[in-house]
Amino acid sequence: MSNIKVIIASDSVGETGELVAKASLAQFDIDSSSDVLIRYPYIDSEDNVDEVVDLAKSKEAIVVFTIITPKFRNYIKEELKKENIPSVDVMGPLMSILEGKTEETPYYEPGRVHKLDEDYFKKIEAIEFAVKYDDGKDAGGLNKADMVLIGVSRTSKTPLSQFLALKKYKVMNMPLVPEVTPPKELFEIPASKCIGLRIKSSALNKIRKERLTQLGLKDTASYAKNERIQEELDYFDSVIERIGCPVIDVSEKAIEETANEIMKYVDGKIDIKG
């Protein structure tokens, strides 16, 4: 099983083929890591196709292709068949059926789904935003963000930011540490854009001890001590009071639950008390 290799060949980014491959691999005991999946995007010549075929031969790989351009789709099918390389044409068969049913000629434009899908670009932009402004790296993101998540360490700020980015929200998260003064811009943006992530000291103590253990450290470190945790939570309360923003208790909530509550608040569907 460990020798399985899958090449994703596409005249666009190859996202569709990769999703299909990962969904299929998930049904077996095969890890869809970068060692298994090899993406070969933006094929625009027969030379590119030859490279894919040569690579597939050398690695004894399966080829999954989403090639829209008829010339290159037919060429890769012929070359793969000639070399007896197992392959899957993800889009060709369905496009042929649709062409027959509609009696229309396809556009044959690689990546057209992304050109038509404005949500796709918003999602990518939001994901890039979340990465760029993770952990308060750049205060310049405070004015650009749709929302700013504020909390002490281990309150799920980063995974929440990433989850919300997939819903097309531009999210910046701001960690609070007593020894570090927050940027002045945090107190200048509208309080309604900020959301505090509160957590019970007992829950935070447990999470931090588990984290230290995962890192191979002793769970008696200052990071997980009750005194230090209380100091950070008191500091969190003082900053949140100064901002005057709403707060969500994340102590016993899954990330999805917290995210849904945040989205409802941002969309004006619910009110969150401090």
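Calculation notes
Residues numbered from 1 in each chain as written. Predicted model: local features only at pLDDT ≥ 70, side-chain atom pairs only at ≥ 80, totals over all residues. Heavy atoms only, no water. Core = buried A, V, L, I, M, F, W, Y, C linked by side-chain atoms within 4.5 Å. Buried < 20%, exposed > 50% of the residue type's maximum accessible area, 1.4 Å probe, protein only. Helix = DSSP H or I, 4+ residues; strand = E, 2+ residues; numbered from the N terminus. Contact = heavy atoms within 4.5 Å. Arc of directions from axis to C-beta. Pairing = 2+ DSSP bridges. Axes fitted to C-alpha atoms, helices over the stretch in contact; angles between N-to-C directions. Salt bridge = Lys/Arg side-chain N within 4 Å of Asp/Glu carboxyl O. 1 Å grid on protein atoms, 1.4 Å probe; cavity = no way out; pocket = protein on both sides within 12 Å on 5 of 7 lines; lining within 4 Å. Points joined across faces, edges and corners; volume = space filled by probe spheres on them. Nonpolar A, V, L, I, M, F, W, Y, C, P; charged D, E, K, R; others polar.

Chemist: Residue-level account of the nonpolar core, with values.
Modeler: Counting residues in each nonpolar core, the largest one holds 40 residues, and the members touching the most others are V148, L149, I150, L164, L186, C194 and I262. Considering every element that reaches this core, the biggest residue donor is helix α9 (residues 226-243), with seven residues. If near-sequence neighbours (up to four positions away) are discounted, I150 is found in contact with K157, M174, L176, L186, C194, I195, G196, L197, F236, I240 and I243. With 17 residues, the next largest nonpolar core counts I43, V49, V53 and A56 among its residues.

Chemist: Tell me about helix α1 (residues 15-25), residues and numbers included.
Modeler: Structurally, the α-helix is built with 3.6 residues per turn, so residues lying three or four positions apart point the same way. Burial in α1 covers these residues: G17, E18, A21 and L25. For α1, the arc enclosing every buried residue in end-on projection is 100°, short of the 170-degree limit, so these residues lie on one face. Of the surrounding secondary structure, the elements contacted by the buried residues of α1 are β1 (6-10), β2 (37-40) and β3 (62-66).

Chemist: Tell me about the environment of N3, residues and numbers included.
Modeler: Tracing the sequence through the fold places N3 in the segment before β1. With 27 residues separating them along the chain, N3 and I30 place their C-alpha atoms 9.7 Å apart.

Chemist: Break down the sheet that holds strand β7 (residues 194-198) for me, with residues and values.
Modeler: As a general point, the strands of a sheet are linked pairwise by backbone hydrogen bonds and lie either parallel or antiparallel. Here four strands make up an open sheet; going across it, the order is β6-β5-β7-β8 and the pairing parallel. With partners counted over all chains shown, the strands left at the sheet margins are β6 (171-175) and β8 (247-249), one partner each. For this sheet, the mean inter-axis angle between neighbouring strands, taken without regard to orientation, is 25°.

Chemist: Help me get a handle on the pattern of salt bridges, residues and values and all.
Modeler: Counted under the stated rule, the structure contains 14 salt bridges. R228 is the salt-bridge partner of E179, the closest N and O atoms lying 2.8 Å from each other. With E179 in the loop between β6 and β7 and R228 in helix α9, the pair connects residues that are 49 residues apart, well separated along the chain. Residues R228 and E232 are paired through a salt bridge, measuring 2.9 Å at the closest nitrogen-oxygen approach.

Chemist: Outline the sheet that holds β3, listing residues and values.
Modeler: Taken in spatial order, the four strands of this open sheet run β2-β1-β3-β4, and their pairing is parallel. The strands lining the two open edges of the sheet, one partner per strand, are β2 and β4 (87-89). Looking at each pair of strands side by side, their axes are set apart by 15° on average, direction ignored. Pairing of β1 with β3 involves five bridges; the strand directions are parallel. The partner of A9 across the bridge, within β3, is F65. Sheet strands touched by α1: β1, β2 and β3. Its angle to β2, the strand with the most contacts, is close to 165°. Against the sheet, helix α3 (residues 70-82) engages β1, β3 and β4, with an angle of about 170° to β3.

Chemist: Summarise the layout of surface pockets; cite the residues concerned and give the values.
Modeler: A water-sized probe, rolled over the atoms, reveals where empty space remains. Roughly 650 Å³ of volume is contained in the largest pocket. Around the largest pocket, the lining is made up of 26 residues, and of these I68, M91, M95, E109 and R112 lie nearest the centre. Within the residue set of the lining of the largest pocket, elements represented by two or more residues are α1, α4 (92-102) and α5 (112-116). The leading source of residues in the lining of the largest pocket is α4, at five residues. Split into classes, the residues belonging to the lining of the largest pocket amount to twelve nonpolar, nine polar and five charged. Put simply, the second largest pocket is a space of about 200 Å³. S153, R154, T155, S156 and K157 are the residues nearest the centre of the second largest pocket, which is lined by 13 residues in total. Looking at the lining of the second largest pocket element by element, the count peaks at three residues for helix α7 (residues 157-166). For the lining of the second largest pocket, a count of residues per class yields six nonpolar, four polar and three charged.

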